[in-house]
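Letter by letter, the chains look like this.
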Amino acid sequence: MYTGDFINLPFPIVANVDGITRNNMDRTVKVYKTRRNGEDNNFKQLYRFNRANVDHVAETFLKNSSETRGGALSNVQKMKCFLRYVGDPGFQVGVGEDLGVHQTTVCKTIWSVCNAIVERSDEWIHFPSLPTELEHAKKMWQSKYKFPSAIGAIDCTHVLIKRPGKKTNIFNILQDNASGGLLLADEAYPLTPWMMTPYRDPTTSSQKVYNAFHKRERVIIERVFGQVKQRFPLLQSKVRVKTERIPRMIAACFVLHNVAKHFNDKDFYPEETITYCIAVPRPTVTNSSLLQRGLKRRDAIASFLRGDNVH
């Protein structure tokens, strides 16, 4: 029967040493499963990175292990175990069968690797908070796009987690930022001076031009979600882990998405993901002063964009 990574034989092993027969009744002989490396022609399909980058990712996030026993997984094998799990929305038993390890080892390995990745998430996912960082983010956006003062776009994607509180760190950073940096958001978010949403029923030419720019530039966040879910299909299906562990699993996937961009590891196509038909309620206005300031700034940006567009 299988226990751990090895097979327990249900009978004693008899050996002859120096003419003396010894009945090995006290120790279990370990027969290790054959570890599989993956075929070259479908390696990336299995492990979501090319072979060289799997080695780089393992070296980046996993410390050298002092484990020397014959059945210990190497760091590359551990990373492949995790990538196989997030790359195929199946079960741990199936991952174990694919890689030649037992389900219990798969479970332990997945979470040790996940934690190792999340522990270094600040190195790969960083929201600008200092004035100099916000100014740099604005310049980076303007180098590619047109929306003034934008530093990024915000949206949600559906994975089963508890809804976070409204006042996140991003809220605290942006509400009084001196640089005037803002985020682009869809109609599910409230309009504020630092979060620009589209006009619901544009009537003027300025409003229509604004909505066109907003739509064209905000869509990058949707492309990012599509790329992440294509690389890690686990996020497209029901995540079969304890609810309190889901945020760490999601964070690890987004860290590895940024790592893939750093290594120029090609995205998966076509960018078609599972979508959910969920009614989005209109945001509740809790602060009329913020709303009025948001309306005023949006109108000013709309006028600016129309003027810039007619030259």
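The structure reproduced in this document is the subject of the present report. These numbers come from a predicted model, not from an experiment.

**Concerning the overall build of the protein chain**
Along its length, the protein chain carries ten helices and eight strands. Relative to its full complement of 311 residues, the protein chain shows a buried share of 40%. Summing over all exposed atoms, the protein chain offers an accessible surface of approximately 18,700 Å²; the carbon and sulfur share of this is 53%.

**Focus on the environment of glycine 226**
With respect to the helices and strands, glycine 226 occurs in helix H8 (residues 205-231). The spacing of glycine 226 and aspartate 267 is 41 residues in sequence and 9.9 Å in space, taken between C-alpha atoms.

**Thoughts on the sheet that holds strand E6 (residues 150-153)**
Read from one edge of the open sheet, three strands run E6-E7-E8, paired in parallel fashion. Of all the strands in the sheet, the pair left with one neighbour each is E6 and strand E8 (195-196). Where E6 meets strand E7 (residues 182-184), three bridges bridge the pair, whose relative direction is parallel. The residue of E7 that forms the bridge with alanine 153 is leucine 184. In the packing of helix H6 (residues 131-142) onto the sheet, the strands contacted are E6 and E7, and the crossing angle to E6 comes to about 75°.

**Topic: the pattern of salt bridges**
The tally for this structure, following the rule as stated, stands at nine salt bridges. Between glutamate 123 and arginine 120 there is a salt bridge, with the nearest N and O atoms lying 2.9 Å from each other. Judged by relative accessible area, which is 28%, arginine 120 ranks as partly exposed. For arginine 231, the salt bridge identified is with aspartate 267, shortest N-O distance 3.7 Å. Of this pair, arginine 231 sits in helix H8 while aspartate 267 sits in the loop between helix H9 (246-262) and helix H10 (288-309), placing them 36 residues apart in sequence. The pair arginine 231 / aspartate 267 is uniform in exposure class, with both members buried. In the salt-bridge network here, residues are joined through shared partners; they are Lys44, Arg231, Lys261, Asp265 and Asp267.

**Details of the packing of aromatic side chains**
In the structure shown here, the tally under the stated rule is six aromatic pairs. Residues phenylalanine 43 and tyrosine 47 carry aromatic rings whose centres are separated by 4.8 Å and whose planes lie at 55° to one another, so their mutual orientation is tilted. With a gap of four residues between them, phenylalanine 43 and tyrosine 47 both fall in helix H1 (residues 43-47), about one helical turn apart. When its relative accessible area of 4% is taken as the criterion, phenylalanine 43 is described as buried. Given the relative accessible area of 2%, tyrosine 47 is considered buried. Relative to tyrosine 145, the ring of tryptophan 141 lies with its centre 4.7 Å away and its plane at 45°, an arrangement referred to as tilted. Linked through ring pairs, Phe147, Tyr199 and Tyr210 together constitute an aromatic cluster.

**Brief notes about the packing of helix H2 (residues 51-61) against helix H3 (residues 75-87)**
Closest axis-to-axis distance for the H2/H3 pair is 9 Å, and the angle between their directions is 105°. One finds that H2 runs roughly perpendicular with respect to H3. On H3, the residues touching Val54, Asp55, Val57, Ala58 and Phe61 of H2 are Asn75, Val76, Met79, Lys80 and Leu83. A per-class count over the contact of H2 with H3 returns seven nonpolar, one polar and two charged.

**Section: the nonpolar core**
By size, the foremost hydrophobic cluster in this structure holds 61 residues, and its most contacted members are Met79, Phe82, Leu83, Ile117, Phe147 and Leu256. Among all residues touching leucine 256, those that are not within four sequence positions of it are Phe49, Val57, Phe61, Phe82, Leu83, Ile117 and Phe232. Counting twelve residues, the second largest nonpolar core, distinct from the first, contains Leu174, Ala185, Trp194 and Leu290.

**Some points on unusual backbone geometry**
Phi is positive for arginine 48, close to 70°, though the residue is something other than glycine. Taking relative accessible area as the criterion, arginine 48 reaches 3% and is therefore assigned buried. Positive phi, close to 55°, is recorded for asparagine 264, a residue that is not glycine. Locating asparagine 264 in the fold gives a position in the loop between H9 and H10. For asparagine 264, a relative accessible area of 67% puts it in the exposed group.

**Section: the side chain of aspartate 265**
If you trace the backbone, aspartate 265 turns up in the loop between H9 and H10. Taking the relative accessible area as the measure of exposure, aspartate 265 reaches 4% and is therefore buried. Polar side-chain contacts of aspartate 265 include one of 2.8 Å to the side chain of lysine 44. Apart from the residues lying within four places of it in its own chain, the contact partners of aspartate 265 are Lys44, Arg48, Phe49, Asn50, Asn53, Arg231 and Ala260.

Cut-offs used in this document
Residues numbered from 1 in each chain as written. Predicted model: local features only at pLDDT ≥ 70, side-chain atom pairs only at ≥ 80, totals over all residues. Heavy atoms only, no water. Helix = DSSP H or I, 4+ residues; strand = E, 2+ residues; numbered from the N terminus. Buried < 20%, exposed > 50% of the residue type's maximum accessible area, 1.4 Å probe, protein only. Areas by Shrake-Rupley, 256 points an atom, 1.4 Å probe, with all protein chains shown as cover. Pairing = 2+ DSSP bridges. Contact = heavy atoms within 4.5 Å. Axes fitted to C-alpha atoms, helices over the stretch in contact; angles between N-to-C directions. Salt bridge = Lys/Arg side-chain N within 4 Å of Asp/Glu carboxyl O. Phe/Tyr/Trp six-rings, centres within 6.5 Å; stacked < 30°, edge-to-face > 60°. Parallel < 35°, antiparallel > 145°, perpendicular 65-115°, else oblique. Nonpolar A, V, L, I, M, F, W, Y, C, P; charged D, E, K, R; others polar. Core = buried A, V, L, I, M, F, W, Y, C linked by side-chain atoms within 4.5 Å. Polar contact = N/O pair within 3.5 Å; in protein donor to acceptor, adjacent residues only side chain to side chain.

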